[in-house]
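# Descriptive analysis of the structure
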Amino acid sequence: MEVKIEKSWKTALAEEFEKPYFSELTNKIKTAYIERTVFPAPKNVFNAFNLCPLDKVNVVILGQDPYHGPGQAHGLSFSVQDGVRQPPSLQNIYKEIEADIGTEIPESGNLERWAKQGVLLLNATLTVEKDNAGSHQGLGWETFTDAVIKTISDQKEHAVFLLWGNFARSKATLVDKQKHLVLEAPHPSPFSVHSGFFGCRHFSKTNEYLKINGLKMIMW
């Protein structure tokens, strides 16, 4: 089926797009957009892929759901659009970056600058209903994004997977740890940030690994 997504991903995931589950998923999502308010805007559903082609991916940060408040989600995990108040998890990510490598906390919560450096900001579920967290889980998105993670693991070398929280950590089995670095920590939400996310130093560890393997470090 015809999916509007960046060409390297379109090629790599061509088999997924032809599978019955993806056709069923597409029909469900199309209906949801017609009948309800769904985030992000349709043009941004594959934003993470469009901003970070497969050949550019060096880091994967896995989230679970898009933000479900108006004006927040734009297709990148943990990111919000310019001018939107930073959600608590993102505030905590910024705090850890500042403590880890000294980068000052920016005013904007827009993480497109990371995506353009090779950070795939992937949510396991790519859509959500307004004010209804988790509403599109179980529709088929997870099957698709599992295939994305497996594709990166199979086709790339020396990628860093940042898995925060139990849900993200459950995806570690999809990654070949002989070829890639997997860093795990509690989720940066206020409920768990003090149980090990603060102090995890994932951002300096990521850059150290990239540098050792001759890859460009991320300007966090």
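See the structure printed just above.
Residues numbered from 1 in each chain as written. Predicted model: local features only at pLDDT ≥ 70, side-chain atom pairs only at ≥ 80, totals over all residues. Heavy atoms only, no water.

## Structural notes on helix α7 (residues 141-155)
With 15 residues, α7 should cover 21 Å at 1.5 Å per step; its first-to-last C-alpha distance of 21 Å lies within 8% of that length. If you check which residues of α7 are buried, you get W141, E142, F144, T145, A147, V148, I149, T151, I152 and S153. (Helix = DSSP H or I, 4+ residues; strand = E, 2+ residues; numbered from the N terminus. Expected span 1.5 Å × (residues − 1). Buried < 20%, exposed > 50% of the residue type's maximum accessible area, 1.4 Å probe, protein only.)

## Notes on the pattern of salt bridges
Evaluation of the coordinates by the stated rule reveals 7 salt bridges. Where E35 meets R36, a salt bridge forms, and the shortest distance between an N and an O atom there is 3.7 Å. Assessed through its relative accessible area of 41%, R36 is described here as partly exposed. Linking D100 and R201 is a salt bridge whose minimum nitrogen-to-oxygen distance equals 3.4 Å. (Salt bridge = Lys/Arg side-chain N within 4 Å of Asp/Glu carboxyl O.)

## Section: the packing of aromatic side chains
Applying the stated criterion across every chain yields a total of 16 aromatic pairs. Ring geometry for W9 against F49: centres 5.1 Å apart, planes inclined by 85 degrees, an arrangement best described as edge-to-face. In this pair, W9 is assigned in helix α1 (residues 7-12) and F49 in helix α4 (residues 47-51), connecting sequence segments 40 residues apart. Plain terms: the ring middles of F197 and F198 are 6.4 Å apart, the flat faces sit at 50 degrees to each other, and that makes the pair tilted. Using a relative accessible area of 29% as the deciding quantity, one classes F198 as partly exposed. Through a chain of ring-to-ring contacts, three or more aromatic side chains come together here, namely W9, F17, Y21, F22, F46, F49, W141 and F144. (Phe/Tyr/Trp six-rings, centres within 6.5 Å; stacked < 30°, edge-to-face > 60°.)

## Some details on the side chain of T127
Tracing the backbone shows T127 in the loop between β3 (119-123) and β4 (128-129). At 2.7 Å, the side chain of T127 and the side chain of H136 are in polar contact. A distance of 2.8 Å separates polar atoms of two side chains, one belonging to T127 and the other to W141. Beyond its immediate chain neighbours, meaning those up to four positions away, T127 contacts I29, Y33, V38, F39, P40, V45, D65, P66, H136 and W141. (Polar contact = N/O pair within 3.5 Å; in protein donor to acceptor, adjacent residues only side chain to side chain. Contact = heavy atoms within 4.5 Å.)

## Some details on the packing of helix α5 (residues 88-101) against helix α9 (residues 202-212)
Two measures define how a pair of helices packs: the angle their axes make with one another and the distance between the axes. The geometry of α5 relative to α9 is characterised by a closest axis approach of 8 Å and an angle of 60 degrees between their N-to-C directions. Relative to α9, α5 is oriented oblique. From α5, I93, E96, I97, D100 and I101 reach across to α9, where they touch H202, F203 and S204. When the residues that make up the contact of α5 with α9 are grouped by side-chain class, the tally is 4 nonpolar, 2 polar and 2 charged. (Axes fitted to C-alpha atoms, helices over the stretch in contact; angles between N-to-C directions. Parallel < 35°, antiparallel > 145°, perpendicular 65-115°, else oblique. Nonpolar A, V, L, I, M, F, W, Y, C, P; charged D, E, K, R; others polar.)

## A word on the pairing of strand β5 (residues 160-164)
Judged by how many residues are buried, β5 sits mostly within the fold: 5 of 5 residues are covered. The two faces of β5 match: V160, L162 and W164 on one face and F161 and L163 on the other face are all buried. By the bridge criterion, 4 bridges tie strand β2 (residues 59-63) to β5 in an arrangement that is parallel. Note that in β5 the partner of V60 across the bridge is F161. The pairing of β5 with strand β6 (residues 181-185) spans 5 bridges and is parallel. Residue pairing in the sheet places V160 in a bridge with L181 of β6. (Pairing = 2+ DSSP bridges.)

## Description of α9
Every α-helix winds through 3.6 residues per turn, so residues three or four apart in the chain are directed the same way. Looking at α9, one finds that the buried residues are H202, F203, S204, T206, N207, Y209 and L210. Residues of α9 that are buried in the fold lie against β2, α5, β5 and β6. In the stretch just after α9, G214 is the one whose phi turns positive, near 75 degrees.

## Thoughts on the environment of L162
Locating L162 in the fold gives a position in strand β5. Judged by relative accessible area, which is 0%, L162 ranks as buried.

## Let's talk about the side chain of T125
Structurally, T125 can be placed in the loop between β3 and β4. By relative accessible area, which is 0% here, T125 ends up buried. Setting aside chain neighbours within four positions, we find T125 in contact with Q64, D65, P66, H136, Q137, W141 and E142.

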